[in-house]
Every structure is written in C-alpha cells, then in structure tokens.
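Residues per chain, in single letters:
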Amino acid sequence: MEKREKLYEGKAKVLYATDDKDLLIQYFKDEATAFDGKKKGVIEEKGVLNNKISSAIFKMLESNGVKTHFVEQLNDREMLVKRLRIIPVEVVVRNLIAGSLSKRLGIEEGTALSEPIVEFFYKSDPLGDPMINEYHARAFGWATDAELKEMSATALKVNEILSRFFDERGIILVDFKLEFGEHKGKVLLGDEITPDGCRLWDKTTREKLDKDRFRRDLSRSEPTGGLGR
Ligand code: UDP
C-alpha cells in the first residue's frame, strides 16, 4: 500500500490517496475544535487514541454486521479506509437529553428519553450544521429515501451495540453522531467513532468522559455531577 497525495484536510483528520483508487488513508491529528471551529486547541496524543478507539469500535461493529469504511489500522495515527462519496447528512442518536437538544427544548441535561431519538443535520461548516429532516434531505438531493432509511436503521443498530458495550464498562452512551457515505453502490458508516463525537458519562458519578471536557473547559479531576453546563 503506497501513500499518495493529500486529498483533504479537516479539523481533526487528513485524508490521503493511495495507489488503490478505492482506498484512502485517514490520518488522525491532535487538533481539537469545538463550536464549528471557533474554539481551537491541541490535545497531545489525541490522534493516536482516537485512531485506536475508532479502529476497535469499527471492528466490533463489523463483527456485529454493520458495514463500515474501516479496512485496517495501519499504525499509530493512520487507518486504511474505503473511499466514500460522503452523504452530507449527519445522523445523531440520543438516549438522554444533552447538548443542543437540551438548549433547544429547555429541558435539563441528563433527562431520560422513553426511546432513542434520531436527528439529521446538514453537514455544512459555514452554516454550522443546521438541523434538517428527511424532507429537506430528499428535496435538496442530499440523500435518497432509501439512504435515509438505511442510515436511520444502522444508527439505531449502532446505538444498541455501543450502548450495551459501554454499559458493561460502567459508561452511559448519552448521544453520538455518525456520518455515512456511498461506496460501490452500498451505504457504509464512515468518519470516526470516538469521544469527539459521542457523549459518554460515568454511570455512577455522571462525570463527563468526552469532548464536552474540552468544549466546556472542565478541569481534569473536577467531578461534574453530569448537569454542569
Ligand atoms: N456532534 C459531533 N459533531 C458535530 C455536532 C455534534 O460529533 O458537528 C456530536 C456531539 O459530540 C454529541 C452529539 O453529536 O455527542 C449531539 O450533539 P448536539 O446536537 O447536542 O450538539 P452540541 O451540543 O455538540 O453542539
């Protein structure tokens, strides 16, 4: 496998071409950003950890029948992935109320939901990823009806697998964001699954174990009680 030119540099990752037109190398950086890039920082070795975490999660999901872009972890910071045509619709699944949903509806963070909620957001940095629904996605041609149905079903299946996985380790999966893309006519789960795109709380103390520590400037040892803003 030969690494070729840089194709795209995002906030947390870089994509490189390879000598195989169907495969790309996804490189994980240490840069952390929040609030659509308005807050910036560097967390040493975050890229190494996120590559490891995401590789492990993609492997687990594949072994449970979820189709992902993951091929193999190449080294500390690089993962070999299938080339995707990214579908510009981010899918968020929520088990407890937190973040933007808490703000939008004025309901306290940590409130339980009677069933998981699936939300769609249009992937656009300049617009700050506005919330959309299936009608917008179809009417603007961002995703077909079949793709939306498959993305929702996969997102709920991922939620079941990951919620159980984290629960067994004393962690609540509060919410998370997924991205999908099309590869040779199939919809595959893409991007990464890491604490940068998930909310994870300690089941006993409700301490935040995810990117909210960076977003909200929480110190390393401070217990948050789960309701801190
Ligand atoms: N999320 C993400 N990227 C985004 C927006 C959200 O990874 O651009 C994740 C976020 O980490 C959380 C979930 O999606 O786990 C729901 O985020 P929310 O809509 O509450 O927005 P936020 O509070 O992060 O602005």
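So, how was this worked out
Residues numbered from 1 in each chain as written. Predicted model: local features only at pLDDT ≥ 70, side-chain atom pairs only at ≥ 80, totals over all residues. Heavy atoms only, no water. Helix = DSSP H or I, 4+ residues; strand = E, 2+ residues; numbered from the N terminus. Buried < 20%, exposed > 50% of the residue type's maximum accessible area, 1.4 Å probe, protein only. Polar contact = N/O pair within 3.5 Å; in protein donor to acceptor, adjacent residues only side chain to side chain. Salt bridge = Lys/Arg side-chain N within 4 Å of Asp/Glu carboxyl O. Expected span 1.5 Å × (residues − 1). Phe/Tyr/Trp six-rings, centres within 6.5 Å; stacked < 30°, edge-to-face > 60°. Lys NZ or Arg CZ within 6 Å of the ring centre and 35° of its normal. Contact = heavy atoms within 4.5 Å.

Peer 1: Can you help me understand the side chain of Thr68 in this one?
Peer 2: Within the secondary structure layout, Thr68 lies in the loop between helix 1 (46-63) and strand 6 (70-73). What makes Thr68 buried here is its relative accessible area of 1%. At a separation of 2.8 Å, a polar atom in the side chain of Thr68 contacts the side chain of Glu62. A polar contact is formed between the side chain of Thr68 and the backbone nitrogen of Phe70, at a distance of 3.1 Å.

Peer 1: When you look at the pattern of salt bridges in this model, what are you seeing that I'm missing?
Peer 2: Where charged atoms from two side chains of opposite charge come close, those side chains can pair. This structure, assessed with the given rule, holds 32 salt bridges. Between Arg199 and Asp212 there is a salt bridge, with its nearest N and O atoms 2.6 Å apart. Here the residue Arg199 occupies a position in strand 15 (residues 198-202), and Asp212 occupies one in helix 5 (residues 212-215), the gap between them amounting to 13 residues. Take Arg199: its relative accessible area is 12%, and that puts it in the buried class.

Peer 1: Any chance you could explain helix 4 (residues 145-167) here in plain terms?
Peer 2: For an α-helix the count is 3.6 residues per turn, leaving residues at separations of three or four pointing the same way. Taking 1.5 Å of rise per residue, 23 residues should cover 33 Å, and helix 4 covers 33 Å from first to last C-alpha, within 8% of that figure. Regarding helix 4, the residues found buried are Glu147, Leu148, Met151, Ser152, Thr154, Ala155, Val158, Asn159, Ile161, Leu162 and Phe166.

Peer 1: Got a minute to help me understand the packing of aromatic side chains in this structure?
Peer 2: In this description, a pair of aromatic rings is defined by centroid distance and the angle of the planes. This model, assessed by the stated rule, comprises four aromatic pairs. Ring centres of Phe140 and Trp142 lie 4.8 Å apart, and the angle between their planes is 25°; on these two criteria the pair is classed as stacked. Joined through ring pairs, the aromatic side chains of Tyr122, Phe140 and Trp142 make up one cluster. The aromatic ring of Tyr16 is capped on one face by Lys3, whose charged end is 4.1 Å from the ring centroid.

Peer 1: Explain helix 1 here, please?
Peer 2: The first and last C-alpha atoms of helix 1 sit 26 Å apart over 18 residues, in line with the 26 Å expected at 1.5 Å per residue. Considered for burial, the residues of helix 1 that qualify are Lys46, Gly47, Val48, Asn50, Asn51, Ser54, Ser55, Ile57, Phe58, Met60 and Leu61. Structurally, helix 1 contributes buried residues whose contacts are with strand 3 (23-28), strand 4 (31-34), strand 6, strand 7 (78-82), helix 4 and strand 14 (186-189). Positioned one or two residues after helix 1, Gly65 has a phi angle of 90°, which is positive.

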